[in-house]
Amino acid sequence: MLSKRVIAIARSRALFASRHAPGSAVSMSKGWFVNAAAPHVIRTQFHSSHLLQAETVKVPQMAESISEGTLRSWAKQVGDTVEADEEIATIETDKIDVSVNAPMAGTIVELLAKEEDTVSVGQDLFRIEAGDGGTSAVTPKEPATTAEPKELADSSKKAEEPKVQQVDKATPSPPTPSAAEKKSAPEPPKESKKESKPAAPAPPKVAGSRGETRVKMNRMRLRIAERLKESQNAAASLTTFNEIDMSSLMDMRKKYKDEVLKEHDVKLGFMSAFARACALALQEIPAANASIEGDEIVYRDYVDLSVAVATPKGLVTPVVRNAESMGFIDIEKEIAALGKKARDGKLTLEDMAGGSFTISNGGVFGSLYGTPIINLPQAAVLGMHTIKDKPVVVNGQIVIRPIMVVALTYDHRLLDGREAVTFLVKVRDYIEDPRKMLLAPY
């Protein structure tokens, strides 16, 4: 005999169904009911409430100078549940990649753009329904089914039993395999073999083949190409070279690198020494730290160093700000942090904006000589190269020393040859005897 509580729940559900589904068949017998329309009504009510809560997310503001980008990829698809602030899409611009995040927890119901489409700021991007992130869209049905009496649950189980039996009958019985089943037994391995065929390595290329592959340039690569050509066309570029004996700096690094790593959790490299030497030399030669704006020359009393970092999408130049007030350890920490952000694609426009002088280290890739290109509107760029043992004359004796060739490309509109060569010689002197950096007046 059913309890009074179950009977009350059943009557309330029957009343709910009769109000929301007029004309539906509801039969009452001894405090019990059978209603086929009520579950349908409940499901409709649930979905319609979520549709009313759907919110359209637009392409966000990226920067003052960026009005559009390319939709590179969707991290989520229709039907996926997301948490608040979870990444949904990535938009590639000519400077950085912009992540579009979910404004709330919920379910993605519609994607309004395709990958590789050009999207503009303010354009509709996708629609999301509010809800609990990480849950299935059908979970709200569970409370309704759990409230059903045991008799309905038993009847539903009985209705499902024939389906299970049909599936069991369709599967072969291990104890008494028939002849037909024996023949069909080898079929699964054949299917696995067919599935493995597409994963087979591609056949080797025939000698003399002349295939071509065309790949669309990404926005960052296009922008880099435009900037490099603009630099060549606008600046009166000239390059001067010098050789630096790295013996003293290498000895200092060898002596203190383990201690620095232990105490500061950062590797002591050559970049911090060159950055510090350039910061001091730039203060002594202000024209190398200046830029041209219209018919005026802008001189700066600070040093913002742009450090060239190679990424899969192209060369980027995040900025170490106020390098003139930083020591070796601080510079190494900042360069390491910016390099990690660049490789992870997490650089922001603020990380790359500005910069008064650029350092490019092609030596990490084995470059022996090179002429770097000026990063406009800057006046100069320093190119570092690989270290090679060379015979040099020291105090009338031929000795083998580790030598690095450095190059300074400068804009002859701002710097004369005397200033450019003097700047590079000062950098050389600081590197060959790092103790001079402690005696510098700046």
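Remember, it's a predicted structure, so these values are computed and weren't measured experimentally.

**Here we look at the packing of aromatic side chains**
Thought 1: Inspection of every chain in the model, using the stated rule, returns 2 aromatic pairs.
Thought 2: On the numbers, 5.4 Å between centres and 55° between planes, the contact of Phe-357 with Phe-423 is tilted. With Phe-357 in strand 18 (residues 357-361) and Phe-423 in helix 12 (residues 417-432), the pair connects residues that are 66 residues apart, well separated along the chain.
Thought 3: For Phe-357, a relative accessible area of 0% translates into the label buried.
Thought 4: Against the face of Phe-270 rests Arg-253, its NZ or CZ located 5.3 Å from the ring centre.

**Structural notes on the layout of surface pockets**
Thought 1: For the largest pocket, the calculated volume is near 1,000 Å³.
Thought 2: As for the largest pocket, its lining consists of 36 residues, of which Arg-227, Thr-317, Met-352, Asn-375 and Leu-376 are closest to the centre.
Thought 3: Of all the elements in the fold, those that place two or more residues in the lining of the largest pocket are helix 7 (219-234), strand 12 (291-293), strand 16 (314-316), helix 11 (349-352) and strand 18.
Thought 4: Sorting elements by how many residues they give to the lining of the largest pocket places helix 7 first, with 7 residues.
Thought 5: Within the lining of the largest pocket, the residues separate by chemical class into 17 nonpolar, 11 polar and 8 charged.
Thought 6: Reported here for the second largest pocket is a volume of approximately 880 Å³.
Thought 7: It is helix 10 (residues 328-343) that contributes the most residues to the lining of the second largest pocket, 6 residues altogether.
Thought 8: Partitioning the lining of the second largest pocket into residue classes produces 22 nonpolar, 12 polar and 3 charged.

**Focus on the sheet that holds strand 10 (residues 124-130)**
Thought 1: If you trace the 4 strands from one edge of the open sheet to the other, you get 3-10-8-5, paired in antiparallel fashion. At either margin of the open sheet sits one strand with a lone partner, and together these are strand 3 (55-58) and strand 5 (81-82).
Thought 2: By the bridge criterion, 2 bridges tie strand 5 to strand 8 (residues 106-111) in an arrangement that is antiparallel. Counterpart to Thr-81 in the pairing with strand 8 is Thr-107.

**A few points about the pairing of strand 7 (residues 97-101)**
Thought 1: The pairing of strand 6 (residues 87-92) with strand 7 spans 5 bridges and is classified as antiparallel. Across the sheet, residue Ile-91 finds its bridge partner in strand 7, namely Val-98.
Thought 2: Between the end of strand 6 and the start of strand 7, which pair antiparallel, lie 4 residues.

**A short note on the packing of helix 9 (residues 271-284) against helix 12**
Thought 1: Two elements in contact, helix 9 and helix 12, have axes separated by 9 Å at closest approach and are oriented at 140°. Between helix 9 and helix 12, the angle is such that the two are oblique. Viewed along their axes, helix 9 and helix 12 form a crossing whose handedness is right-handed. Residues Ala-273, Phe-274, Ala-277, Cys-278, Leu-280, Ala-281, Leu-282 and Glu-284 of helix 9 form the contact with helix 12, whose own contacting residues are Phe-423, Lys-426, Val-427, Tyr-430 and Ile-431.
Thought 2: Of the residues in the contact of helix 9 with helix 12, the class split is 11 nonpolar, no polar and 2 charged.

**A closer look at helix 9**
Along an α-helix, a turn takes 3.6 residues, which lines up residues three or four apart on a common side.
Thought 1: If you check helix 9, its first and last C-alpha atoms are 20 Å apart, about what 14 residues at 1.5 Å a residue would give, namely 20 Å.
Thought 2: Most of helix 9 sits inside the fold, with 12 of its 14 residues counted as buried.

**Re the nonpolar core**
Thought 1: The biggest cluster of nonpolar side chains holds 74 residues, and the ones touching the most others in it are Leu-125, Phe-126, Phe-274, Leu-305, Phe-357, Phe-423 and Ile-431.
Thought 2: Considering each element in turn, this core owes the most residues, 10 residues, to helix 9.
Thought 3: In this view, Phe-274 contacts Ile-244, Met-246, Ile-359, Leu-382, Met-384, Met-404, Val-406, Val-427 and Ile-431; residues no more than four positions away in its chain are not counted.

**Quick notes on the pattern of salt bridges**
Thought 1: Counted by the stated rule, this structure contains 15 salt bridges.
Thought 2: Between Arg-223 and Glu-226 there is a salt bridge, and its shortest N-O distance comes to 3.4 Å. Pair noted here: Arg-223 and Glu-226 are both in helix 7, with a separation of 3 residues, about one helical turn.
Thought 3: Assessed through its relative accessible area of 27%, Arg-223 is described here as partly exposed.
Thought 4: Overall, the relative accessible area of 48% leaves Glu-226 in the partly exposed class.
Thought 5: Across the salt bridge formed by Asp-411 and Arg-413, the nearest N and O atoms sit 2.7 Å from each other.
Thought 6: Residue Asp-411 is classed as buried on the basis of its relative accessible area of 1%.

**Here's the deal with the confidence of the model for the protein**
Thought 1: In the predicted model, the protein carries a mean pLDDT of 78, and the fraction of residues at 70 or more is 71%.
Thought 2: Note on residues 135-174: pLDDT is under 50 here. Beyond four places in sequence and across chains, it has 13 contacts.
Thought 3: In the predicted structure, residues 188-196 sits below a pLDDT of 50 and forms 0 contacts with residues beyond four places in sequence or in another chain.

**Brief notes about the sheet that holds strand 7**
Thought 1: With respect to topology, 4 strands assemble into an open sheet ordered 7-6-4-9, the strand pairing being antiparallel. At either margin of the open sheet sits one strand with a lone partner, and together these are strand 7 and strand 9 (118-120). The mean inter-strand angle of the sheet, taken between neighbouring strand axes irrespective of direction, is 45°.
Thought 2: Of the strand pairs in this sheet, strand 4 (residues 68-74) and strand 6 are connected by 4 bridges, and their pairing is antiparallel. Its bridge partner being in strand 6, Leu-71 is matched across the sheet by Ile-91.

**Focus: helix 8 (residues 247-264)**
Thought 1: For helix 8, with 18 residues, the first-to-last C-alpha span of 24 Å sits near the 26 Å given by 1.5 Å per residue.
Thought 2: Most pronounced at Tyr-256, the bend in helix 8 amounts to some 45°.
Thought 3: Restricting attention to buried positions, one finds in helix 8 the residues Ser-247, Leu-249 and Val-260.
Thought 4: Taken together, the buried residues of helix 8 touch strand 11 (237-245), helix 9, helix 10, strand 21 (397-411) and helix 12.
Thought 5: Taken from the residues just after helix 8, Asp-265 is the one with a positive phi, measuring 55°.

What counts and how
Residues numbered from 1 in each chain as written. Predicted model: local features only at pLDDT ≥ 70, side-chain atom pairs only at ≥ 80, totals over all residues. Heavy atoms only, no water. Phe/Tyr/Trp six-rings, centres within 6.5 Å; stacked < 30°, edge-to-face > 60°. Helix = DSSP H or I, 4+ residues; strand = E, 2+ residues; numbered from the N terminus. Buried < 20%, exposed > 50% of the residue type's maximum accessible area, 1.4 Å probe, protein only. Lys NZ or Arg CZ within 6 Å of the ring centre and 35° of its normal. 1 Å grid on protein atoms, 1.4 Å probe; cavity = no way out; pocket = protein on both sides within 12 Å on 5 of 7 lines; lining within 4 Å. Points joined across faces, edges and corners; volume = space filled by probe spheres on them. Nonpolar A, V, L, I, M, F, W, Y, C, P; charged D, E, K, R; others polar. Pairing = 2+ DSSP bridges. Axes fitted to C-alpha atoms, helices over the stretch in contact; angles between N-to-C directions. Parallel < 35°, antiparallel > 145°, perpendicular 65-115°, else oblique. Left-handed = near helix turned anticlockwise from the far one by under 90°. Contact = heavy atoms within 4.5 Å. Expected span 1.5 Å × (residues − 1). Core = buried A, V, L, I, M, F, W, Y, C linked by side-chain atoms within 4.5 Å. Salt bridge = Lys/Arg side-chain N within 4 Å of Asp/Glu carboxyl O. pLDDT = per-residue confidence, 0-100. Bend = angle between axes of the 7 residues up to and from the residue.

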